[in-house]
Every structure is written in structure tokens, then in C-alpha cells.
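Results of the structural survey
Okay, here's what each chain looks like letter by letter:
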Amino acid sequence: MTERQTTTPVPSPEASPTAPPLLSAQGLRITYPGRHGGPPARAVDGVELDVRAGEIVALVGESGCGKTTLARALLGLVRPTEGRVGFGGEPLEYSARTLKAYRRRVQLVLQDPTGSLNPRHTVYDAVAEGLRIHGHRGDERATVAAALSRAGLRPPERFFLRYPHELSGGQRQRVVIAGALVLEPELLVADEPVASLDASVRGEILALLLRLRTELGLSALVVTHDLGLAWNIADRVAVMYLGRIVETGDVEQVLTAPRHPYTQALLSVLPEAAGAPVVLTGEPPDPSRIPSGCRFHARCQILASGEAERAGVAGACRDEDPGVLEGGGQAQVACHWARATVTA
Ligand SMILES: Nc1ncnc2c1ncn2[C@@H]1O[C@H](COP(=O)(O)OP(=O)(O)O)[C@@H](O)[C@H]1O
Ligand code: SF4
Ligand SMILES: [Mg+2]
């Protein structure tokens, strides 16, 4: 993680800290009914999160911490149990008409391009599908060609009649991205966009997402369990644990000087990490049994090592919820110890 692949300047000129957020989660909670009569699963448990125009925000955290559920709620695919989604300062409404218009402006890019492409549809049809759904008027062929070209499939006509199985994994992901771009969205929500790709093509797809931000002013929420990916692509990072954002801030700040013990543990297992890896003990996170106090306390290495005790916060770790972080762009951490030990 020594060198970022970003094209400078980062953040892009549009990403001003004072601009209103393009997309926001406001007090969002999503609870699934319990399985086999068990307690309900609080998959998203009070999230405030903003994505500003021209900004790339990485949402990171272990598998099962609620990233996909949050992303689906932001896309209007899941209706929140509590709270709301805001877009351009307006609350999202859940009428069919509003949602259709919304899904034109906010597009989803899924993890597995093979799963999101119909094997019987040509590349042309896959990309044109969104235009047809939204009753696009104008030159369909030229619009499809332009989207393929933007996604790096050039010359686009060469790909029109190809089928997904005739393409490489990277090309398939570019077709999925072209299908998202064809409607000229303002924001992409990419859920693990390179997780199913070979390491060699990952960099190319990330470079493409960065170029789209620079060329089209596109914003993105990139969901990933991979902190290295966040480092390479994002302006800002939000670290999620058991349904909550536990640390957020500029990517450099969070990933070079992490403050939350959970972020520190995630970073410590990267190959580039300097010190010994932190092995998290305790039960794996389960949203149907969220611990009281700090939800990370049973696994926290800072509490286990006595450091929290020495800082005088061990009781609070066990009994007091460190609370919900605000959505704005400022650096924040939901940890009693990090707050108590902050150096002026
Ligand atoms: N439809 C569902 N019904 C019940 N529980 C669910 C459902 N979808 C997800 N969950 C649970 O919510 C939690 C968060 O899942 P998810 O959002 O997929 O996390 P992530 O994307 O971070 O891996 C998991 O514990 C998962 O088992
Ligand atoms: S509040 Fe306490 S238990 Fe929670 S992460 Fe911070 S030090 Fe660990
Ligand atoms: Mg997921």
C-alpha cells in the first residue's frame, strides 16, 4: 500500500467539503426478521453517510457487516426500517415512478459480471437494455457505442455482436460498467466491483473508475472488503462493523493513521503492514446478537490488552455505546479509547 494509483489531483475539484451531499443515508436502519423464530438481524443499525458530488467513498468492512444491505438501501432496492435516503437534498420516495427516475441517476455495478449479464444477450443488447427500459429517445446505436467506448471497449462496434462467454472477465466487467454509464448517471454504487477478477485486471478496472470520475465528474460509493482497493481508489473511507460506521475520514488519514481498533486490526493483516498482525478473538459478528456497550468490545485487542483500562475507559467500552457518527466529511471515530487518547 505504498503507492496510490490515483490520477492526481485527488479529491477532484467538484468534491468540496461545503457542497451538499449528492447521496446520503440519514439514521438508516434495516432489520431483517429473525431466522427460525430467533431475534431480528439489525444488518444496518443507524448509519449516517454522505457521498458528495465528484467524490469516491469506499465502504469497507468484513463480510457480513452490512455493506451490501446498506448499498441496496441507498439504491432504493431495500426500503429502510427506519431513517431515510437522501439524493440531491431530497428524501427518496418509494413510488414506482420516483424509483424508476432515481435508478437512472444512481446506477449499480455488481461484483460478478457473469451473474449480471444474460448469457443469451449480445453486448449491444446488454448495454441498450437500460435505454429501452427508460424509453430513451435519440440514436440508440451511437449512445451504446459511446458508452462502450467510455468503458474502454474500443472500437465499440467490434463488441456489439459478441456474447458474454466470448469475452474475458475484465471485458465483461467493462460491459456491465458501459450498461451503467449509458444512462448518464450521476453516481455509481459498485459492490465489490473487482472481487471476482484476476489481480492483473483489477488495476485496469480501478483505473477506469478513476478516469470516469475525472472525465464525467461521476461520484461513486465503492463497497469492498479490501482496504488496498480503497487506498487505490477512494477520497474518503467509511469503515463498517456490525451495521455501523465506526471510523470515517480521508483515505490517507484513516489508512495511514487508523484510530479505531477494528480499522487497526483490518490494516494489520495486509501484506504491507509493518507490525504483527492483530488476530481478532471472540465471536464472529452476528447482527441478531449485537453486544451492549461498544459492539466491538468482545473482540477488541485494545480492551483485551489492558490499554483501554489504562486509559480509564474499560467500563465505558463494556457499558456505553460510542454512538452513531455524523455523515459529514470530517474524520470521526466511534471508540471511547481513541477519543480519550487523542493527542492535541
Ligand atoms: N434477506 C436477509 N434476511 C436475513 N438476514 C440477512 C438478509 N440479507 C442479509 N442478511 C444478514 O445481514 C448481515 C449483513 O449482510 P450483508 O449486507 O450482505 O453484509 P456484507 O455485504 O457486508 O457482507 C449478515 O449477517 C446477513 O446474514
Ligand atoms: S470503545 Fe473500547 S472496546 Fe470499543 S473499539 Fe474502542 S477500545 Fe475497543
Ligand atoms: Mg456484500
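The present account deals with the structure reproduced in this document. As the structure is a prediction and not an experimental result, all values here were calculated from the model.

Looking at the overall build of the protein chain
Within the protein chain, the secondary structure is distributed over 14 helices and 11 strands. Here the C-alpha atoms of the protein chain give a radius of gyration of 21 Å, agreeing with the 20 Å that 2.2 N^0.38 yields for 344 residues. For the protein chain, the spread of C-alpha atoms along the principal axes amounts to about 65 × 45 × 40 Å. Per-residue burial for the protein chain yields a buried fraction of 50% across its 344 residues.

Re the sheet that holds strand β1 (residues 21-32)
One open sheet accounts for four strands, arranged β2-β1-β4-β5; its pairing is antiparallel. Unpaired on one side and paired on the other, β2 (41-52) and β5 (90-91) mark the two borders of the sheet. Its contacts with the sheet put helix α1 (residues 67-74) on β1, β2 and β4 (82-87), and the angle it makes with β1 is roughly 125 degrees.

Details of the sheet that holds strand β9 (residues 236-241)
What the seven strands build is an open sheet, ordered β6-β7-β8-β3-β9-β10-β11; its pairing is mixed. Where the open sheet ends on each side, the last strands, each with one partner, are β6 (106-109) and β11 (332-333). When strand β3 (residues 56-60) meets strand β8 (residues 219-224), the two strands line up parallel, connected through five bridges. When the sheet's bridge partners are listed, L59 is paired in β8 with V223.

Points about the site of ligand 1
Around ligand 1 sit Y32, R35, A43, E62, S63, G64, C65, G66, K67, T68, T69 and P287, and that is every residue in its neighbourhood. Between C65 and ligand 1, the recorded distance is 3.2 Å, taken from a backbone N or O atom to an oxygen atom. Within the backbone of G66, an N or O atom sits 3.1 Å from an oxygen atom of ligand 1. Contact with the protein chains covers 69% of the free accessible surface of ligand 1, which is 560 Å². When residues in the shell around ligand 1 are grouped by element, the largest group, three residues, is from α1. Of the residues that constitute the shell around ligand 1, the class distribution is four nonpolar, five polar and three charged.

Procedures and definitions
- Residues numbered from 1 in each chain as written.
- Chains lettered and ligands numbered in written order.
- Predicted model: local features only at pLDDT ≥ 70, side-chain atom pairs only at ≥ 80, totals over all residues.
- Heavy atoms only, no water.
- Helix = DSSP H or I, 4+ residues; strand = E, 2+ residues; numbered from the N terminus.
- Rg over C-alpha atoms; globule rule 2.2 N^0.38 Å.
- Buried < 20%, exposed > 50% of the residue type's maximum accessible area, 1.4 Å probe, protein only.
- Pairing = 2+ DSSP bridges.
- Contact = heavy atoms within 4.5 Å.
- Axes fitted to C-alpha atoms, helices over the stretch in contact; angles between N-to-C directions.
- Near = heavy atom within 4 Å.
- Polar contact = N/O pair within 3.5 Å; in protein donor to acceptor, adjacent residues only side chain to side chain.
- Areas by Shrake-Rupley, 256 points an atom, 1.4 Å probe, with all protein chains shown as cover.
- Nonpolar A, V, L, I, M, F, W, Y, C, P; charged D, E, K, R; others polar.

Limitation: the analysis is restricted to geometry and does not speak to function.
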